[in-house]
Every structure is written in structure tokens, then in C-alpha cells.
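The lines below spell out each chain.
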Amino acid sequence: MTDADSAREDLAYLKTLVGHDSGGDVWRFAGRLFAAGGFLYGLQMLFHGAQILGFNPPGPVILLFTFGPTVVFLAYMTWAIIKGGKQAKPQGTTGRAVNAIFSATGLCNLVFLIIFLPSSLQSGDFRVWLFYPAVVFAVLGGAWFAAWQLRRRLWMLGTAVGWMVSAAAMGLTRGHWAYVVICGLCLVLFMMLPGIAMARGKAD
């Protein structure tokens, strides 16, 4: 066996250890959830924004948009996990790194929930709670920026900037009708659309 043959075998062995750098099924699985969540909650926020601006729908419609998105999303998420979510695993070092980033972001969001919700309830000031979505959006922007640095997909950089700009705009418009509209547009543009891209394999 020549040195060249030995080197090729060593390289092939290393590739089997590392795996190919793609998000694999986990990206498509997460993308479908992102797309569904962005559409449902973005639509919900835009509906509430229309209410603030004077739209006065009947009571059943308000209840539908208040609780419907969460019910539909939880049902869809449960179905997706049962169907194939447990088999979706990131592939390659980059895929695992990006998955770890978004997993850590999810844990941070839970901590933020513990920080902001009790304070809002204890003070009785709902305006404190309005900081929570803005902070979550900023952290998501950081996660997408890290994903862009690893994968160098231009749409990932655009998504990162979109989340961060939206977070800053929400912080500046807290208590104003524009806050809800910005939140809704951000969910549609920077959660639903990237989710569609992920589901189609554009992150690979």
C-alpha cells in the first residue's frame, strides 16, 4: 500500500467519524416547526395589532385568535414529533454545533421567562412583560448570527439582522401599537420564511 492510498483511507475514516456537514433531517424538522410557529403567532400578533388600531371583530373570532394558534401549534408539534422528530439528528460537526446553539438559546428563553413573568405579575405592570419578547428576539438574532458564521448562508445573516433590528425596535416602541405590528412582521419574515428555507434543505 502506497502512502497516497494510506492517506485516502485515513481521510475516509475521519469522514465517517465527523460526518458530512449538513443539518440533515433535524434542520428540516426544525424548519417545519419554525414555519408553522412563525405563521400562526405572526398572524396572531398582526390580528391584535389590527385590534389596537380599531378593528372590532365578534367575540368568537377574538377567542379563536387568542387561543387557536397555541392549540394548533401544539397539536402540530406533537404530531411532528410522533411522526419522525425523534429520528431527526444533526449530521457533521457544523450541524451539531448549530443544533447546540439553538438548544442553548431555548434554555435561555426559559430562564428569561422565569425572570420577567414573576416580576410582571408581582408589580401588576404588564409593560415589564413586554421586554420578554424583545430580549428573546435579540437572543435569537445572536443564534442566527452564529449559525451564519458556521454555515455562511447569506439568508442566515439576513435573518440574524432581522431579529436584532426587530428586538431593538420593539424596545423603543414598548407600549405603542407599533410594538405588536413589529412583533407580528418579525415572526412572519424571520421565523416563518427561514423555517420554509430550512424545511426545503437550504441550510445544508
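(A) Structural detail: the packing of helix 6 (residues 131-151) against helix 8 (residues 177-199). Across the interface, helix 6 lies against helix 8 with an axial gap of 12 Å and an inter-helix angle of 30 degrees. Comparing the axis directions of helix 6 and helix 8 gives the class roughly parallel. Note that helix 6 runs across helix 8; the crossing there is left-handed. Taking contact as the criterion, the partners of Pro 133, Ala 134, Phe 137 and Trp 144 in helix 6 are, on helix 8, Tyr 179, Cys 183, Cys 186, Leu 187, Pro 194 and Met 198. When the residues that make up the contact of helix 6 with helix 8 are grouped by side-chain class, the tally is 10 nonpolar, no polar and no charged.

(B) Inspection of the packing of helix 6 against helix 7 (residues 154-172) at higher detail. Closest axis-to-axis distance for the helix 6/helix 7 pair is 8 Å, and the angle between their directions is 160 degrees. Judged by the inter-axis angle, helix 6 sits roughly antiparallel to helix 7. In terms of crossing hand, the pair formed by helix 6 and helix 7 is left-handed. For the pair formed by helix 6 and helix 7, the contact residues are Pro 133, Ala 134, Phe 137, Ala 138, Leu 140, Gly 141, Gly 142, Trp 144, Phe 145, Ala 147, Trp 148 and Arg 151 on the first element and Leu 154, Trp 155, Met 156, Leu 157, Thr 159, Ala 160, Trp 163, Met 164, Ser 166, Ala 167, Met 170 and Gly 171 on the second. Along the lines of polarity and charge, the residues of the contact of helix 6 with helix 7 split into 18 nonpolar, 5 polar and 1 charged.

(C) Inspection of a nonpolar patch on the surface at higher detail. A contiguous nonpolar surface patch, about 370 Å² in accessible area, is contributed by Leu 46, Leu 185, Leu 189, Leu 193 and Ile 196. With 4 residues, the single largest contributor to the nonpolar patch is helix 8. For Leu 185, the position within the fold is in helix 8.

Criteria and cut-off values
Each residue is numbered by its place in its chain's sequence as written, counting from 1. Thresholds applied to this predicted model are a pLDDT of at least 70 for local features of residues and 80 or more for the giving and counting of side-chain atom pairs; totals over whole chains, interfaces and linings are not thresholded and use all residues. Side-chain calculation: all heavy atoms of the structure are included, whereas hydrogens and water are not. Axis definition: a line fit to C-alpha positions, over the contact stretch in the case of helices; interaxial angles, taken between N-to-C directions, run 0 to 180 degrees. Helix and strand definitions here come from DSSP, where helices need a minimum of 4 consecutive H or I residues and strands a minimum of 2 consecutive E residues; each element is numbered from the N-terminal end. An angle below 35 degrees is treated as roughly parallel, one above 145 as roughly antiparallel, one from 65 to 115 as roughly perpendicular, and anything else as oblique. Left-handed is the label given to a crossing in which the near helix is rotated counterclockwise from the far helix by less than a right angle, and right-handed is the label when the rotation is clockwise. Two residues form a contact once any of their heavy atoms are found within 4.5 Å. Three categories are distinguished: nonpolar for Ala, Val, Leu, Ile, Met, Phe, Trp, Tyr, Cys and Pro, charged for Asp, Glu, Lys and Arg, and polar for the others, with Gly belonging to the last. Each patch is built from residues that are more than 30% exposed by relative accessible area and take part in no salt bridge. Like charges join if they lie within 9 Å; nonpolar side chains (Val, Leu, Ile, Met, Phe, Trp, Tyr) join within 5 Å. Calculation of accessible area relied on Shrake-Rupley with a 1.4 Å probe; when residues are assessed, cover is drawn exclusively from the protein chains displayed. In the sections that follow, a salt bridge refers to a side-chain nitrogen of Lys or Arg positioned within 4 Å of a carboxyl oxygen of Asp or Glu.

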